[in-house]
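Examining the three-dimensional arrangement
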Amino acid sequence: MTQLATQWARIRGRLQGEVGDIEYRNWLRQMTLAGVDADEISILLPTRFLCDWVRSRYGDRLNALWQAENPAIRRVHIRVGGTAEPSVALAESLATTPEPPQMVPNRIEERMDQRSELSIDPRFTFDAFVVGKPNEFAYACARRVAEQLSSPGFNPLFLYGGVGLGKTHLMHAIAWELAGRCTTNGGRPVSVTYMSAEKFMYRFIAAIRSQSTMQFKEQLRSVDVLMIDDLQFLIGKDNTQEEFFHTFNALVDVGKQIVVSADKSPSDLSGLDDRLRTRLGYGMVADLHATTFELRISILEAKATRAGVAVPPKVMDFLAHKITTNVRELEGALNRLVAHANLFGRTVTLETTQEVLHDILKAHDRRVTIEEIQRKVAEHFSIRLTDMSSARRARAVARPRQVAMYLAKQLTQRSLPEIGRRFGNRDHTTVMHAVSRVGELMGRDAGFAEDVELLRRMLES
Ligand code: ADP
Ligand code: MG
């Protein structure tokens, strides 16, 4: 077993190096080695959720690492059991909370009361959230918190990511779910408080003014779940931050659930109180990554279906290419299309889309320059940038040059003579020839078409 233990320590070290500290702490730290049975090694994790996650995410890697360390091991079995060393925050919260609240279906009236008091957006539910690679982790964590409050490793839950990527949506979904479904051990509904950090500050200031800070504190400390959205707002507001820190500690210490969102990870939120930063990192830190093209398409499909309007794939494709940074804007564009279609009874086409969204699209038109195109294409085909304007005619440079001309025509507003000039003073007929030649080749050679398409996407994003 000592030899196994040494091997296990090495494997853990390797994994931590591979996945990074945050991911390791979130998912893998709690693994313990249970033992070996013939050629099978058993690894324990405290919950089924963690087991499923680790099995699907890291199962293959664990297998490979074990085999490299110890060829006698042929299988890694990940199962529920044991408890690893809990984190400091966890130990504290476990010491003071005997059990997390139970999930007991609630009466409808109570549910509605809670929900309307919360002023949460009823559209922001888990069902309405489209899951893809960039957000599946954050989604899984949010769901988990909504299903089981204050569960080991998930308190606090810290969600972060850029603007319009779904942080508020997920927080509302948690609140909605909890307010609708849960009661505490005593049989009363779980009390959830959701507010933006800004609102937290205003309420705090108002309490100071009216000399009712005690009441403010008590009120906040009596909740089961406290959610604070856009925490970055508190940076530079030291008194409010200090107050939040104390509220936070008071709640976590008695095992109440905290959910916080911000635009950056705790470690990147410069200006945040260090003690708060540390404590925020004790639980689960999950990020919402920038959307991918695939996710944007799925979101558009889901929203169009919900709205009951047929949007042709070509239009979805177009929107997902054009509006890339922010789901809110993507949604806004689609809503406008839908409203227009309903109002005028017109079907949605690429033409109507361009017309109706004229101003939005203009704002999103990324100006790609001919230089950028030349640089990217040269890089892609491993030729020198100077060959874009050189007189060399060898196929190895001529073809990439034609691709760059083609893309310049597609992606910029430049005229054919202008493009020719930028490619070593070539004639506009040369550009015309390049454009039709590349188009023709794309039709014949799927691999080549894919290459050009990829370049176009890279330049457009
Ligand atoms: P954030 O708080 O991160 O700035 P929001 O949660 O307010 O972003 O999301 C902006 C809009 O985009 C909301 O209308 C939300 O419903 C929508 N949205 C974001 N991500 C998704 C998603 N994955 N699926 C469905 N809608 C989404
Ligand atoms: Mg938000």
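The coordinates are above.
For clarity, every value in this text was computed on a predicted model and none was experimentally measured.

With that settled, the discussion passes to the overall build of the protein. The helix and strand tally for the protein stands at 21 helices and eight strands. Across the 461 residues that make up the protein, the buried fraction comes to 49%. Within the protein, contacts between residues separated by at least 24 positions form 74% of all contacts whose residues are at least 6 apart in sequence. Total accessible area on the protein stands at roughly 22,900 Å², and carbon and sulfur atoms take up 51% of it.

If you walk through the whole model with that rule in mind, you get eight aromatic pairs. With 6.2 Å between their ring centres and 50° between their planes, Phe-158 and Tyr-160 make a pair best called tilted. Note on accessibility: Phe-158 and Tyr-160 belong to one class, buried. Three or more aromatic residues joined by ring pairs make a cluster, and in this case those are Phe-200, Phe-204, Phe-216, Phe-244 and Phe-248. When the ring centre of Phe-233 is taken as reference, the NZ or CZ atom of Lys-237 above it lies at 4.0 Å.

The next point concerns unusual backbone geometry. Of note, the bond from Asn-155 into Pro-156 is cis; its omega dihedral lies within 30 degrees of zero at 0°. Mapped onto the elements, Pro-156 comes out in the loop between helix H6 (136-147) and strand S4 (157-161). In this structure, Ala-38 takes a positive phi of about 55° despite not being glycine. Of the residues examined, Ala-38 reaches a relative accessible area of 74% and is grouped as exposed. The backbone phi angle of Ser-382 is positive, close to 55°, even though this residue is not glycine. One can find Ser-382 in the loop between helix H17 (370-381) and helix H18 (395-411). Classification of Ser-382 by relative accessible area gives exposed; the value is 65%.

Right, let's get into the site of ligand 1. The local shell around ligand 1 holds 18 residues, among which Val-130, Gly-164, Thr-168, His-169 and Glu-331 are the closest. For ligand 1, whose accessible area on its own is 550 Å², the fraction buried by protein is 95%. Elements with a minimum of two residues in the shell around ligand 1: helix H7 (167-181), helix H12 (293-307) and helix H14 (327-344).

Helix H9 (residues 213-221) packs onto helix H8 (residues 197-209) with a crossing angle of 140° between their chain directions and a minimal axis gap of 7 Å. In contact with Phe-200, Arg-203, Phe-204, Ala-207 and Ile-208 of H8, H9 contributes Thr-213, Phe-216, Gln-219 and Leu-220.

What follows concerns the sheet that holds S4. Read from one edge to the other, the open sheet built from five strands follows the order S5-S6-S7-S4-S8, with strand pairing classed as parallel. What marks the edges here is a single partner per strand, and that holds for strand S5 (192-196) and strand S8 (284-288). Mean inter-strand twist for the sheet, computed between neighbouring axes without regard to direction, equals 15°. Bridge count for S4 against S8 is five bridges, and the pairing is parallel. Along S8, the bridge assignment pairs Tyr-160 with Asp-287. Where H8 meets the sheet, its contacts fall on S5 and strand S6 (225-229), and the angle it forms with S5 comes to roughly 95°.

Attention shifts here to the sheet that holds strand S2 (residues 40-45). Here three strands make up an open sheet; going across it, the order is S1-S2-S3 and the pairing mixed. Of all the strands in the sheet, just strand S1 (32-37) and strand S3 (75-80) have a single pairing partner and so form its edges. When strand polarity is set aside, the average angle formed by the axes of neighbouring strands in this sheet is 25°. Bridging between S2 and S3 involves six bridges; their strand directions are parallel. Looking across to S3, one finds that Ile-43 is bridged to Ile-78.

Between its first and last C-alpha atoms helix H21 (residues 446-460) spans 21 Å; for 15 residues at 1.5 Å apiece the expected length is 21 Å, and the two agree. By the burial criterion, the buried members of H21 are Phe-448, Ala-449, Val-452, Leu-455, Arg-456 and Leu-459. End-on view of H21: buried residues confined to an arc of 125°, all on one side of the axis. For H21, the exposed residues set more than 90 degrees away from the buried face come down to Ala-446 and Glu-450.

Look at H8: 18 Å from first C-alpha to last across 13 residues, which is about the 18 Å you get at 1.5 Å a residue. Here H8 has its buried residues at Ala-197, Phe-200, Met-201, Phe-204 and Ala-207. For H8, the buried positions fall inside an angular range of 130° around the axis, keeping them on one side. Those residues of H8 that are buried lie in contact with S5, H9, S6 and helix H10 (238-253). Phi turns positive, to about 50°, at Gln-211, one or two residues after H8.

With that settled, the discussion passes to the pairing of S6. Most of S6 sits inside the fold, with five of its five residues counted as buried. What you see with S6 is no split at all: Val-225, Met-227 and Asp-229 on one side and Leu-226 and Ile-228 on the other are buried throughout. Bridge count for S6 against strand S7 (residues 257-262) is four bridges, and the pairing is parallel. In the sheet register, Ile-228 faces S7, and the bridge partner there is Val-260. Handedness of the β-α-β unit built from S6, H10 and S7 comes out right-handed.

What counts, and where the lines are drawn
- Residues numbered from 1 in each chain as written.
- Chains lettered and ligands numbered in written order.
- Predicted model: local features only at pLDDT ≥ 70, side-chain atom pairs only at ≥ 80, totals over all residues.
- Heavy atoms only, no water.
- Helix = DSSP H or I, 4+ residues; strand = E, 2+ residues; numbered from the N terminus.
- Buried < 20%, exposed > 50% of the residue type's maximum accessible area, 1.4 Å probe, protein only.
- Contact = heavy atoms within 4.5 Å.
- Areas by Shrake-Rupley, 256 points an atom, 1.4 Å probe, with all protein chains shown as cover.
- Phe/Tyr/Trp six-rings, centres within 6.5 Å; stacked < 30°, edge-to-face > 60°.
- Lys NZ or Arg CZ within 6 Å of the ring centre and 35° of its normal.
- Near = heavy atom within 4 Å.
- Axes fitted to C-alpha atoms, helices over the stretch in contact; angles between N-to-C directions.
- Pairing = 2+ DSSP bridges.
- Expected span 1.5 Å × (residues − 1).
- Arc of directions from axis to C-beta.
- Right-handed = clockwise from strand over helix to strand, strands pointing away.

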